[in-house]
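# Structural features, examined
One letter stands for each residue in the lines below.
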Amino acid sequence: MDNDDEHVAGDFFLHSMTTDTIQRRTFLEHFQRFIPQQTIIYIQYCLLRIPFILIYDYLLTEKFSSLNEYILKYLIQIIDHNNYFFLKPISYILHSSLFHILSQIYLIFLVPVLGLILLTLLLLCSDRRLVIFYSYTISLLVIYFDYQMSYKTDIQSSSSIDTYILQFLLSSIYIQMLNIRPRVRAYKVQTRLCHLAPIVLIVTRYLISTNYNIPVLKFYYLIWTFVHLSELFLCHQQTILNLMRNRFINDLYHLYENFGLQTLINYLSTRIDVATLLKIFWLTKIIVLPLGIRTIYTHPYISNVTLNMNMANLNDNMTLDDKQTNYNETLVKTIYFTSLFYGTETIFTLISLACLISYLMKTISHRLFRLLHLWTEDVEQIGTVVGVMFFLLLFQSNITRLDLNRRHVPLLKAFSLLIVALFHFLHTILEPQLLKVAMQTITTRIVFNRTDENSQEGEGNEQENRNNSSLTSLYSSPILRSYHHRHVYTCLSILFLVVLYVALLWRLTTFSTWLLAVTAFSLELIVRLLASLAQYTLYVLDAHNRLSNADSFDEYIFLIKAVTSCFEFILGVFLLFNGFYILCFESRGTLRAIMLAIHAYLNIIKNLRRGWQIFRNRKSAWDNVNQLPLATNEQIEEYNDICSICHNTLTSGVACVTPCFHIFHQKCLQKAFYATKNCALCSRPIIQERNQHRE
């Protein structure tokens with residue numbers, strides 16, 4: 001927001017009542033005793049822009065489409081009824097199929113795009129400009145309502161004190177709107193025209209004959225409207241010219257052309273708080289519209305709008321009015337169906353709902369991850385990921401076109417998938433921290449082992465035998481203590497909750513393709529959790545020297561990861577076939593097909609290629625190592641060094657000699673071959689030198 005917008009709220013309530021400007025205090029200054037000024041400015045920022053978003057959302061509703069169709073049919077009837085010769089080409093065009101196709105394209109594409117551009121321009125305006133815009137708009141509405149009230153009073157030949165009270169209130173509003181705007185030369189003229197409105201009504205009602213009172217009344221309000229619009233064009237001539245020349249759009253285009261799309265997006269995001277506006281817009285639409293604006297087109301509690309009942313399931317003895325009354329018999333049901341109807345009315349409303357869900361999930365995840373001591377920078381992305389996923393799930397289910405009594409089903413399905421997705425994200429953050437704790441356990445154990453060796457150098461054989469006899473009892477307690485960590489408890493808690501969640505879903509819901517998808521998604525998480533616990537167990541056992549074959553530690557880790565990847569691949573293929581069945585037999589849609597294609601590429605084809613490449617690399621590395629000659633005891637003694645990869649001593653039978661006459665462990669050299677085919681010491685290509693040595 002601009003710096004000159006800070007006192008707009010004060011200017012709104014400022015009225016020239018006294019001549020002493022030093023002692024005069026605005027309503028804002030009194031209100032700041034309870035709420036800080038920055039909070040009031042932020043509320044003002046949102047309130048000035050929410051009406052534009054509500055209007056744009058109305059352009060996407062079915063009511064607006066029905067209104068356009070009604071206007072088009074009305075124009076066609078008028079043209080056909082007059083039957084003039086010069087109107088026949090227009091009638092032919094309006095009746096053509098091409099015109100109907102173009103009108104549908106206009107409603108589907110042009111109205112949202114052009115409306116979005118205009119909405120962006122309005123949201124980019126400063127608060128002061130928006131206040132001035134609202135003042136002109138409200139002033140024009142005051143003139144219109146004043147004219148309608150005077151016109152109907154004169155037509156009905158009945159005037160009362162209520163009419164003059166309403167005119168006084170409208171005049172006060174008009175004067176207040178004049179005081180908001182800068183003073184111009186037409187200020188006094190507009191003030192006098194406003195004050196003359198009751199006098200003109202009395203004159204036309206009692207002093208002028210009925211043949212001239214209506215024309216005089218219209219002439220008076222035309223002059224008032226002309227003066228009002230002349231002020232608008234004279235005082236804001238430069239702004240209107242800039243809008244006509246699209247100067248602001250050209251400035252945005254030059255910004256994009258010179259600095260790129262990212263700079264343009266950053267500029268718009270700094271000027272427009274989109275997420276906050278969308279969240280407040282959704283809450284405003286849920287609370288305000290059913291109570292004030294949209295209900296004027298329906299019966300109370302919008303029972304005839306929100307209800308779409310299946311007549312086959314109703315009793316024959318009841319009328320439709322009785323059924324609607326029974327269906328909306330409680331206030332709770334009314335609030336529920338009203339919120340469900342307006343909260344999922346358009347695609348724009350779904351985007352706003354996704355922003356609200358994203359904010360709530362971000363708040364919950366922040367508190368949860370800080371409570372579990374798992375806070376990382378990646379947690380900041382969970383709100384965006386959840387919001388996008390929630391919108392895609394609702395959009396592909398076509399919720400805006402469903403009957404009201406079925407709209408809760410996609411919402412519940414989306415929320416159930418979001419719960420599993422949150423657990424997935426929690427495990428993604430938890431797994432590195434869990435393995436980090438395991439590595440710390442190994443490091444601590446190595447330090448304690450060295451300390452114990454130094455302290456037990458002078459003890460006799462009798463003490464050693466006593467210690468060896470109770471070896472099992474000594475190692476069982478430290479291993480169990482290694483599992484007393486909050487990350488292990490968190491992992492076990494997630495595992496228990498996911499299993500319980502899947503069991504409840506199978507108990508409470510009927511068998512369906514959606515239930516299979518949620519179950520597969522949950523099974524993937526269960527497999528990952530078990531793999532993480534298995535890796536942690538291997539680290540703990542290796543730290544306490546409880547592995548039967550410590551040299552195969554890496555092979556065990558690879559085996560766990562390979563089994564996990566195979567399960568994930570199988571579940572991914574199952575989800576692909578399940579989604580393909582839904583696409584063919586349950587719910588067709590372009591977005592669903594695109595999502596299936598993305599899933600097939602990322603989770604199946606790409607993982608299959610990566611797994612096959614890893615398998616080939618391991619097989620090739622092991623074949624290359626097996627073809628190297630084993631080192632003898634004489635070669636190891638002559639080499640007189642350690643393995644340069646693991647820094648452990650070399651022994652015969654497990655060490656091999658490279659063509660450059662360096663000696664390594666076979667398993668160490670196999671791991672090195674995953675990254676490079678060169679020697680770890682001299683960086684010479686081992687495979688190439690081995691082939692040349694053979695030749």
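Nothing here was measured: the structure is a model prediction, and the numbers come from that model.

The rules we used
- Residues numbered from 1 in each chain as written.
- Predicted model: local features only at pLDDT ≥ 70, side-chain atom pairs only at ≥ 80, totals over all residues.
- Heavy atoms only, no water.
- Helix = DSSP H or I, 4+ residues; strand = E, 2+ residues; numbered from the N terminus.
- Buried < 20%, exposed > 50% of the residue type's maximum accessible area, 1.4 Å probe, protein only.
- Contact = heavy atoms within 4.5 Å.
- Areas by Shrake-Rupley, 256 points an atom, 1.4 Å probe, with all protein chains shown as cover.
- Core = buried A, V, L, I, M, F, W, Y, C linked by side-chain atoms within 4.5 Å.
- Salt bridge = Lys/Arg side-chain N within 4 Å of Asp/Glu carboxyl O.
- Phe/Tyr/Trp six-rings, centres within 6.5 Å; stacked < 30°, edge-to-face > 60°.
- Lys NZ or Arg CZ within 6 Å of the ring centre and 35° of its normal.
- Arc of directions from axis to C-beta.
- Patch = residues over 30% accessible without salt bridge, like charges linked within 9 Å, V, L, I, M, F, W, Y side chains within 5 Å.
- Expected span 1.5 Å × (residues − 1).
- Axes fitted to C-alpha atoms, helices over the stretch in contact; angles between N-to-C directions.
- Parallel < 35°, antiparallel > 145°, perpendicular 65-115°, else oblique.
- Nonpolar A, V, L, I, M, F, W, Y, C, P; charged D, E, K, R; others polar.
- pLDDT = per-residue confidence, 0-100.

## Considerations on the overall build of the protein chain
Within the protein chain, the regular secondary structure consists of 32 helices and 2 strands. Counting over 695 residues, the protein chain shows a buried share of 37%. Put simply, 69% of the contacts in the protein chain that link residues at least 6 apart link residues at least 24 apart. Just so you have it, the protein chain exposes about 43200 Å², and 63% of that area is on carbon and sulfur atoms.

## Concerning the nonpolar core
Among the nonpolar cores identified, the biggest contains 48 residues, and F369, F390, L394 and I494 are the most heavily contacted of them. A per-element tally of this core places helix α23 (residues 408-455) first, with 11 residues. In contact with F369, not counting residues within four places along its chain, are L374, W375, V379, I382, F425, L426 and I429. Counting 25 residues, the second largest nonpolar core, distinct from the first, contains V131, Y134, L289 and F348.

## Digging into the pattern of salt bridges
As enumerated under the stated definition, the model contains 7 salt bridges in all. Among the salt bridges present, the one from R528 reaches E568, with a minimum N-O distance of 2.6 Å. Of this pair, R528 sits in helix α27 (residues 513-543) while E568 sits in helix α28 (residues 553-586), and the two are 40 residues apart along the sequence. Linked through salt bridges whose partners overlap, the residues forming this network are D57, K285 and E345.

## Comments concerning the packing of aromatic side chains
In this description, an aromatic ring pair is defined by two values, namely the gap between the centres and the angle between the planes. Within the structure shown, the criterion is met by 20 aromatic pairs. Aromatic pair Y220 and W224: ring centres 6.1 Å apart, planes at 50°, arrangement tilted. With Y220 and W224 both in helix α12 (residues 213-235), this residue pair falls 4 residues apart, about one helical turn. Each member of the pair, Y220 together with W224, is buried. An aromatic cluster is built from Y147, Y174, Y220, Y221 and W224, whose rings are joined through pairwise contacts. Its guanidinium or amino end placed over the ring of Y136, R181 lies 4.1 Å from that ring's centre, counting from NZ or CZ. The ring of Y359 carries the charged tip of K279 above its face, separated from the ring centre by 3.8 Å.

## A look at the environment of F281
Position of F281 among the secondary structure elements: in helix α16 (residues 274-287). For F281, a relative accessible area of 0% puts it in the buried group. Sequence spacing of F281 and T349 is 68 residues, and the spatial spacing of their C-alpha atoms is 8.5 Å. When near neighbours in sequence (up to four residues on either side) are disregarded, F281 contacts I50, I53, L54, D57, F348, T349 and S352.

## Side note on helix α10 (residues 187-195)
Buried within α10 we find Y187, Q190, T191, L193 and C194. Along the long axis of α10, the arc covered by the buried residues comes to 165°, so they all point the same way. Across α10 from its buried face, at more than 90 degrees, point the exposed residues K188 and R192. For α10, the secondary structure elements touched by its buried residues are α9 (161-180), α11 (197-207) and α12.

## Topic: a nonpolar patch on the surface
A grouping of L98, I101, L102, I105, Y106, I108, F109, L110, V113, L114, I117 and I249 is seen on the molecular surface, where their side chains present a nonpolar patch of about 1100 Å² in accessible area. In terms of residues, the nonpolar patch owes the most to one element, helix α7 (residues 97-124), which gives 11 residues. Within the secondary structure layout, I105 lies in helix α7.

## Some points on the side chain of S352
Here S352 lies in helix α21 (residues 347-371). Sequence-distant contacts of S352, defined by excluding residues within four places in its chain, comprise L278, F281 and W282.

## As for α16
A rise of 1.5 Å per residue sets the reference length of α16, with its 14 residues, at 20 Å; its end C-alpha atoms lie 20 Å apart and thus fit the reference within 8%. Buried within α16 we find T276, L277, L278, K279, F281, W282, T284, K285 and I286.

## Some details on the packing of α27 against α28
Across the interface, α27 lies against α28 with an axial gap of 9 Å and an inter-helix angle of 175°. Looking at the two axes, α27 sits roughly antiparallel to α28. Tallied by class, the residues present in the contact of α27 with α28 amount to 19 nonpolar, 4 polar and 6 charged.

## What about the packing of helix α4 (residues 50-58) against α7?
At a closest axis distance of 10 Å, the pairing of α4 and α7 adopts a crossing angle of 180°. Comparing their axes, α7 and α4 come out roughly antiparallel. Note on element contacts: α7 touches α4 through P112, G115, L116, L119 and L122, opposite F52, I53 and Y56. Considered class by class, the residues forming the contact of α4 with α7 number 7 nonpolar, 1 polar and no charged.

## Considering the confidence of the model for the protein chain
Counting all residues, the mean pLDDT for the protein chain is 76, and 77% of those residues have values of 70 or more. Note on residues 689-695: pLDDT under 50 across the span, and 8 contacts to partners over four residues away in sequence or across chains.

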